[in-house]
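Observations on the three-dimensional arrangement
What follows is the residue order along each chain.
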Amino acid sequence: MNKMIRYTIIALLFISAACSTGKKALQNGDYYSAVIKSVDRLRSNPDKAKAQVTLKKSYPLAVNWYQQEISTLLSSGDPFKYSKTVGHYQTLNRMTDEIRRCPGALQVIPYPKQYQTEEDMAKQNAAPECYAAGMLELAKGTRQNAVTAFSHFEKANSFVPNYKDVNDKLAEAEDMATLKVIIDHVPVNSTKYQLSAEFFQDQVTQYIFHNIKRRFVRFYTPQQAELEKLEYPDQIIGMRFEDFVVGQTHDTDIEKQVVSADSVEVGSTKLKNGETIKVYNIVKAKLHIHKREVISKGILSLHIIEFDNKKELNNKQFGGQFNWFHQWGNYNGDERALTKEELEICNSEPILPPAHQNLFVEFTKPIFTDLTSELRRFYNKY
């Protein structure tokens, strides 16, 4: 089959499926979707007969279905009946708005009913409903109940802005719901590496503040906790370098005889007939390489502890290592026996390794990556 024909058939099948979607929704009893989909069809094709028929049938059925749902809710003992009623009126109003913004749909439903007054009245009843639910959850006194209470107070405020003292209750619920965590770094027992350790600690702290953001988790430095008079945090993050070695030096001398991989021109000779030709042979050199390796490594421990009962929630260790090395050397013999890399080594001079403070920073880089990944994983659940 010709590719163009095949693609045309596929496109027509998709168009056919799309055009019949509103009708299928109507047949399945999804009256709201049938209304919305048929209105969409009429926007692109105001004279689309199938969409007109679907809209004419589905709109009164949708209105009737939501009115019955509202009537059933209001006569029930559902503690959130008014909140749910608001949702139904909002759906009815969305259908009305969609029809009013589509000339083709207005030809079918010229006077779609607006339920804004009913929605506003339902909101007036939904606000105290959510406020009362929030107060009940807040009275239970646990952090998780406070999270639920905050959600209820937010809904109450969305239904009726500034309802009663809802803003005060939001602040109270948020404070009770928020997990308060102090980030505590144990200083290293070395003034030599204090600045580098503080640099690492500051990076970790800034990462936590800027990258581990949760609605109900707040992190404090010890200084911030003291400034805000936080006497009873929920958790303490403790981090300490258990062990580290910086600038451990290993020198290695390598001496070997090297031979060129290919024959090279070593001279010339004259034949009996007077012709001069080039002479090729392998060449040799005695190579001496000095390698200096400086190893820096350490282990950092992480402990996350509940403040009130000293229960350990997390206990892990993270290791990091950084190896710096440099090679230099010399040779006796023909340099053409050396590889390019060997020749570069022989042309190098001895250099000093990085300062110990910098070596400390380097070996902490993999620790930082693993540590922050673990902290992010741990607080994802809150």
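As recorded in an unreviewed UniProt entry, the protein chain goes by the name Lipoprotein, listed as coming from Labilibaculum antarcticum.

Attention now moves to the packing of helix H7 (residues 143–159) against helix H8 (residues 166–177). Relative to each other, H7 and H8 sit at 155°, their axes nearing to 8 Å. Of the possible angle classes, the one that applies to H7 and H8 is roughly antiparallel. Every pair of crossing elements has a handedness; the one defined by H7 and H8 is left-handed. Here Arg-143, Ala-146, Val-147, Ala-149, Phe-150, Phe-153, Glu-154, Ala-156 and Asn-157 of H7 come into contact with H8, specifically with Val-166, Asn-167, Lys-169, Leu-170, Ala-173, Glu-174, Met-176 and Ala-177. Its residues assigned to classes, the contact of H7 with H8 comprises eleven nonpolar, two polar and four charged.

For the rest of this paragraph, the subject is the sheet that holds strand S1 (residues 179–185). Sheet architecture is open: five strands sit in the order S2-S1-S3-S6-S7, paired in mixed fashion. Of all the strands in the sheet, just strand S2 (217–220) and strand S7 (312–333) have a single pairing partner and so form its edges. Mean inter-strand twist for the sheet, computed between neighbouring axes without regard to direction, equals 25°. Note: strand S6 (residues 284–306) against S7, 21 bridges, orientation antiparallel. The partner of Ile-295 across the bridge, within S7, is Asn-323.

With that settled, consider unusual backbone geometry. One non-glycine residue, Asn-162, lies in positive phi territory at about 65°. Here Asn-162 is to be found in the loop between H7 and H8. Note on Asn-162: relative accessible area 52%, which makes it exposed. Although it is not a glycine, Lys-229 adopts a positive phi angle of roughly 55°. Within the element layout of this structure, Lys-229 appears in the loop between helix H10 (222–227) and strand S3 (235–259).

Attention shifts here to the nonpolar core. Core analysis: the biggest nonpolar cluster contains 41 residues, and Val-35, Leu-55, Tyr-59, Leu-92, Met-95, Ile-99 and Phe-153 have the highest contact counts within it. Broken down by secondary-structure element, the contributors of at least two residues to this core are helix H2 (31–44), helix H3 (49–74), helix H4 (81–100), helix H5 (103–108), helix H6 (116–139), H7 and H8. Every residue in contact with Met-95, bar those within four places of it in the chain, is listed here: Tyr-32, Val-35, Ile-36, Tyr-59, Ala-62, Val-63 and Tyr-66. Of all hydrophobic cores here, the second largest spans 31 residues; its members include Ile-208, Ile-237, Val-294 and Tyr-379.

Here the structure, examined in full by the defined rule, presents 19 aromatic pairs. Where Phe-219 meets Tyr-379, the ring centres are 5.2 Å apart and the plane angle is 85°; that geometry is what we call edge-to-face. Here Tyr-379 lies in helix H12 (residues 356–379) and Phe-219 lies in strand S2, a separation of 160 residues in the sequence. You can call Phe-219 buried: its relative accessible area is 7%. Ring geometry for Tyr-232 against Phe-307: centres 6.4 Å apart, planes inclined by 70°, an arrangement best described as edge-to-face. Remark: Phe-307 occurs in the loop between S6 and S7 and Tyr-232 occurs in the loop between H10 and S3; sequence separation between them is 75 residues. Clustering of aromatic rings is evident, with ring pairs tying together Tyr-193, Phe-200, Phe-241, Phe-244, Phe-360 and Phe-363.

Estimated volume of the largest pocket: approximately 190 Å³. Together, Ile-183, Asp-184, His-185, Gln-201, Asp-202, Thr-205, Gln-206, Thr-221, Pro-222 and Gln-223 line the largest pocket. Every element with two or more residues in the lining of the largest pocket is listed here: S1, helix H9 (194–211) and H10. No other element matches the four residues that H9 contributes to the lining of the largest pocket. In this structure, the second largest pocket encloses a volume near 150 Å³. Lining the second largest pocket, in full, are Leu-179, Tyr-232, Pro-233, Asp-234, Gln-235, Glu-306, Phe-307, Asp-308, Leu-313 and Tyr-382. The residue makeup of the lining of the second largest pocket, split by class, is six nonpolar, one polar and three charged.

For the rest of this paragraph, the subject is the domain arrangement of the protein chain. Reports of interface size often rely on the accessible area that becomes lost once the parts have come together. As far as domains go, the protein chain holds domain 1 (3–176) and domain 2 (184–380). Relative placement of domain 1 and domain 2: their C-alpha centres are 58 Å apart.

Between its first and last C-alpha atoms H12 spans 34 Å; for 24 residues at 1.5 Å apiece the expected length is 34 Å, and the two agree. The largest bend in H12 comes to about 35°, at Lys-365, with the proline Pro-366 one to four residues further on. Taken as a whole, H12 has its buried residues at Leu-359, Phe-360, Val-361, Phe-363, Thr-364, Ile-367, Leu-371, Thr-372, Glu-374, Leu-375, Phe-378 and Tyr-379. Residues of H12 that are buried make contact with S1, H9, S2, S3, S6 and S7.

Analysis parameters
- Residue indices follow the written sequence of each chain, beginning from 1 at its first position.
- Restriction of local features to residues with pLDDT of at least 70 applies here, the model being predicted, together with a cutoff of 80 or more for giving and counting side-chain atom pairs; totals for whole chains, interfaces and linings are based on all residues.
- The side-chain values count all of the structure's non-hydrogen atoms but skip hydrogen atoms and water molecules.
- Lines fitted to the C-alpha atoms define the axes, with helices restricted to the stretch that makes contact. Angles between their N-to-C directions range from 0 to 180 degrees.
- The way it works is that DSSP assigns letters per residue, a run of H or I at least four long becomes a helix, a run of E at least two long becomes a strand, and they are numbered from the N terminus.
- Roughly parallel means an angle under 35 degrees; roughly antiparallel, over 145; roughly perpendicular, 65 to 115; everything else is oblique.
- Handedness of a crossing follows from how the near helix is turned relative to the far one, being left-handed for an anticlockwise turn of less than a right angle and right-handed for a clockwise one.
- Note on contacts: a residue pair is in contact if any heavy atoms of the two residues lie within 4.5 Å.
- For this scheme, ten residues count as nonpolar: Ala, Val, Leu, Ile, Met, Phe, Trp, Tyr, Cys and Pro. Four count as charged, namely Asp, Glu, Lys and Arg, and the remainder, Gly too, count as polar.
- One requirement defines pairing of two strands: DSSP has to find at least two bridges between them.
- Exposure is judged per residue with a 1.4 Å probe applied to protein chains only, and the accessible area is read against the type maximum: over 50% gives exposed, under 20% gives buried, and values in between give partly exposed.
- In these notes, a set of buried Ala, Val, Leu, Ile, Met, Phe, Trp, Tyr and Cys residues joined through side-chain atoms within 4.5 Å is what counts as a nonpolar core.
- Note on aromatic contacts: the rings of Phe and Tyr and the six-membered ring of Trp form a pair at centre separations within 6.5 Å, being stacked when their planes are under 30 degrees apart, edge-to-face when over 60 apart, and tilted otherwise.
- A 1.4 Å probe that fits but cannot get out identifies a cavity on a 1 Å grid over protein atoms alone, an open set with protein on both sides within 12 Å along at least five of seven lines counts as a pocket, and a residue lines either if it has an atom within 4 Å of a point.
- Grid points are joined across faces, edges and corners, and a volume is the space filled by probe spheres set on the points.
- For every domain, the bounds stem from an assignment made automatically or drawn from a database.
- An expected span of 1.5 Å times one less than the residue number is assigned to each helix.
- The seven residues ending at a residue and the seven starting there each receive a fitted axis; the angle between those axes is the bend at that residue.

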